Amino acid sequence: MNMKYLTKFFLALSGFGCAFGHSPAYAQNNDQFVIVVHQSSNLAQSDSSMMASIKQMYLKEKTKWSNGMDAVPFDRPNGSPVKVAFLQTVLGMSETQLAEHWISVKQKNGTSPPRVIPSSSLLLKFLERYPGSFAMMSREEAEKAADAVKIIFSFS
Amino acid sequence: MHLKFSWASNCPIPNLKRTLVLICGLVSFIMGPSLRADDLDEIRAELKKSREVIESLLGRIETLEANSAASSDASMISQATERIDYLEENVFEIQDRIGNKPPVQVFDGQSLLLGGFLTTQFTTIVGEDNTTSSFNATQFELLIRSDITKEISFFAAQGFLWEADEDFLSDPNKPHFKPHVLRTPLILGSVNYRHNDHLQIEAGRFITPHGIINIEHFPPTLLDLRQPQFLRPFSGQTIFPNFLTGARVHGSRFSENGDGRLSYSLYTGAHVTGPVKEANALHSGLRLEYDFSSHGITIGTNYAHGSRSNAGDYDLVGVDLLYNKGPVLWKTEVFSSFEKAGADDRFAFYTQPSYRINDKWIGFYRFDYLDNGVLPGSITKEHVFGVNFLPISIVRLRGEAIFRDTKEADTLLFQLSSTVSF
């Protein structure tokens, strides 16, 4: 076989591998954003499957945590830095693709998107009220509220 | 010698003041008797200067402290103002939405959600012997969901449809639209019990859980309003019934590493919109689907058994493949039926690649093949080229050109449609 074509073939193959590969982006201390649960929650710290679980629970494909507790996601406003990073890193979707997802599940079974909470102080109250709830926030916000929330996963 | 400080009562650094007094006293005690008057004046002048410097420094410290306290107060006030603004905004939103009218409440249940969509369709058919155009469909569907308890939910879709069906059969060379008909079907209406993610039970009228597009079903998400041929006519059962009234058990199991999901759906039900014979026959089936979520690939396998009024019992197998990653969305389905009682077997296949050009534009193509087995040689092929434009996510505008190829005649269709959902 012609060497040039052979090289092209392997380049294409490696590109295919890269496209299908994915790099985990969890539990980095220098990450700017975090997923938090209430401090009283007995949910485990981050592990390798946490990012996938958070994605499934946020999209309401999965409705329970691994310990059987109901998963209650809360959302942040579109366009906020934490939401932009969450879309890109955790969901791997654009805003349009996410909107398509919610329209699709709304038509299929009436599932609605998570409630949007703009204020972080109010978010803390919601996290306290609903066991099993989780939300995204900046690391700075989470560290300020260290008595109230527990970081289970971080991303940037 | 005695130094008297005007800040004595509230000096922020008392140790400094005390130290200064002691040093001055000590100097005056040790050196006092031996100093001349000039030296003494010099020392007094130095002391005066030092006192002025200290006073100036203490003044600055006081100013800094005052500023710091003010800054802390300002920060608290700013936070409180932000929260009050947020609360005011919420109260305003509630007032604006509800006013002085009572909000809608559900009789029994935790929540009630309403939604729906409106679709309008314009079609031009260019046949071999004639051309005709019509606003051939306006469809309004109302969606209702109520969470009755944490585990039990209700979901219904009620349709109000003005439709003029295309007629390609009565004279293949002169396709036309049939008269408009108002249809008001209960498209979906079921109660779902969720034991957990692995086990759910649904009873009522539901979408037959086969394939990709039949499950997606609703126009707000469809690239092509004309679903693939094997799903036409609406509520029909060209290959399998689009909807059933019955019960199904379904659920999902997620892989340990969170990278995959196995879903199943096992059902039995009656095709109640069909003729009497079909209404008295049960259709049963199973779908297994595996979603390799990080790769964007979903593979589904389907099996069904049922009965048709015009062809007796049948068995059905099918496979579907969905690729949805980045800008590419590619759907492919193939179904094959094995008809009993001597009828011809049926076969359907389509592949529909699409490309998200940007957030607003999507281009797609579909090759669609159907052998409906009813008539000998009744094979229809369609090539569909289309674009979707989404000015906002809840509005979908479509433009399509459809090349329809049958044994009897070729037809060209142009279609424009819009769907607005809420």
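Check the entry above for the structure.
Attention in this report is confined to the structure presented alongside it. (Residues numbered from 1 in each chain as written. Chains lettered and ligands numbered in written order. Predicted model: local features only at pLDDT ≥ 70, side-chain atom pairs only at ≥ 80, totals over all residues. Heavy atoms only, no water.)

1. A short note on the overall build of chain A
Piece 1. Looking only at helices and strands, chain A has 6 helices and 5 strands in total.
Piece 2. Across chain A, helices and strands are ordered from the amino to the carboxyl terminus as α-β-α-β-α-α-β-α-β-α-β.
Piece 3. By sequence separation, contacts in chain A at least 24 residues apart represent 73% of the contacts at least 6 residues apart.
Piece 4. For chain A, the accessible surface area stands at approximately 7,900 Å², while carbon and sulfur atoms represent 56% of it. (Helix = DSSP H or I, 4+ residues; strand = E, 2+ residues; numbered from the N terminus. Contact = heavy atoms within 4.5 Å. Areas by Shrake-Rupley, 256 points an atom, 1.4 Å probe, with all protein chains shown as cover.)

2. Topic: the nonpolar core
All names here are of chain A.
Piece 1. In this structure, Ile35, Ile54, Tyr58, Trp65, Phe86, Phe134 and Phe155 are the most contacted members of the largest nonpolar core, which totals 27 residues.
Piece 2. Every element with two or more residues in this core is listed here: strand E1 (33-38), helix H2 (50-58), helix H3 (81-91), helix H4 (95-109), strand E4 (133-138) and strand E5 (149-155).
Piece 3. Setting aside its immediate chain neighbours within four residues, Phe86 contacts Ile35, Ile54, Tyr58, Leu91, Met136 and Phe155. (Core = buried A, V, L, I, M, F, W, Y, C linked by side-chain atoms within 4.5 Å. Buried < 20%, exposed > 50% of the residue type's maximum accessible area, 1.4 Å probe, protein only.)

3. Points about the side chain of Gln121 of chain B
Piece 1. Turning to its location among the elements, Gln121 of chain B is positioned in strand E1 (residues 111-126).
Piece 2. With residues near it in sequence (within four places) discarded, Gln121 of chain B still touches Ser134, Phe135, Asn136, Ala137, Leu225, Gln415, Leu416 and Ser417 of chain B.

4. Re the pairing of strand E19 (residues 410-421) of chain B
All names here are of chain B.
Piece 1. Judged by which residues are buried, E19 turns out to be one-sided: Thr411, Leu413, Gln415, Ser417, Thr419 and Ser421 face inward and are buried, whereas Asp410, Leu412, Phe414, Leu416, Ser418 and Val420, on the alternate face, are not.
Piece 2. Of the pairings in the sheet, the one linking E1 to E19 comprises 10 bridges and is antiparallel in character. Residue pairing across strands places Phe117 opposite Ser421, the latter belonging to E19.
Piece 3. Alignment of strand E18 (residues 395-406) against E19, held across 11 bridges, turns out to be antiparallel. Bridge pairing in E19 links Ala401 to Phe414. (Pairing = 2+ DSSP bridges.)

5. Points about the interface of chain B and chain A
Piece 1. Each partner contributes residues to the interface: chain B has 40 residues there, and chain A has 30 residues.
Piece 2. Along the contact surface separating chain B from chain A lie 2 salt bridges.
Piece 3. A salt bridge links Lys150 of chain B to Asp70 of chain A; the nearest nitrogen and oxygen atoms lie 2.9 Å apart.
Piece 4. Between the two partners, chain B and chain A, sit 7 residue pairs in polar contact (both at pLDDT 80 or more).
Piece 5. Among the elements of the structure, helix H2 (37-98), E1, strand E2 (131-147), strand E7 (186-194), helix H3 (213-216), strand E10 (260-270) and strand E13 (312-325) of chain B are those that each provide at least two residues to the side of chain B that touches chain A.
Piece 6. For the side of chain B that touches chain A, a count of residues per class yields 15 nonpolar, 13 polar and 12 charged. (Salt bridge = Lys/Arg side-chain N within 4 Å of Asp/Glu carboxyl O. Polar contact = N/O pair within 3.5 Å; in protein donor to acceptor, adjacent residues only side chain to side chain. Nonpolar A, V, L, I, M, F, W, Y, C, P; charged D, E, K, R; others polar.)

6. What to know about the packing of aromatic side chains
Piece 1. One pass over the structure, following the stated rule, counts 22 aromatic pairs over all chains.
Piece 2. Between Phe385 of chain B and Phe403 of chain B, the aromatic rings sit 6.0 Å apart at their centres with planes inclined by 80 degrees, giving edge-to-face as the arrangement. Here Phe403 of chain B lies in strand E18 and Phe385 of chain B lies in strand E17 (residues 379-389), a separation of 18 residues in the sequence.
Piece 3. Overall, the relative accessible area of 38% leaves Phe403 of chain B in the partly exposed class.
Piece 4. Each residue in the set Phe33, Tyr58, Phe86, Trp102, Phe153 and Phe155 of chain A is aromatic and connected to the rest through ring pairs, giving one cluster.
Piece 5. Directly above the ring of Phe254 of chain B sits Lys62 of chain A, whose terminal nitrogen or CZ lies 5.3 Å from the centroid.
Piece 6. Between Arg308 of chain B and the ring centre of Tyr314 of chain B, over which it is positioned, the NZ or CZ distance is 3.9 Å. (Phe/Tyr/Trp six-rings, centres within 6.5 Å; stacked < 30°, edge-to-face > 60°. Lys NZ or Arg CZ within 6 Å of the ring centre and 35° of its normal.)

7. What to know about the sheet that holds E1 of chain A
Residue and element names in this part refer to chain A.
Piece 1. In space, the 5 strands of this open sheet follow the order E3-E2-E4-E1-E5, with mixed pairing throughout. The sheet is open, and its two edges are formed by strand E3 (115-116) and E5, each paired on a single side.
Piece 2. The strands that helix H5 (residues 120-129) touches are E1, strand E2 (72-75), E3, E4 and E5; relative to E4, the one it contacts most, it runs at about 155 degrees. (Axes fitted to C-alpha atoms, helices over the stretch in contact; angles between N-to-C directions.)

8. Quick look at H4 of chain A
Residue and element names in this part refer to chain A.
Piece 1. Between its terminal C-alpha atoms H4 stretches 21 Å, which fits the 21 Å expected from 15 residues at 1.5 Å a residue.
Piece 2. Within H4, 12 of the 15 residues are buried, leaving the element largely enclosed by the surrounding structure.
Piece 3. All of the buried residues along H4 are Thr96, Gln97, Leu98, Ala99, Glu100, His101, Trp102, Ile103, Ser104, Val105, Lys106 and Gln107.
Piece 4. Looking one or two residues beyond H4, the residue adopting positive phi is Gly110, at roughly 80 degrees. (Expected span 1.5 Å × (residues − 1).)

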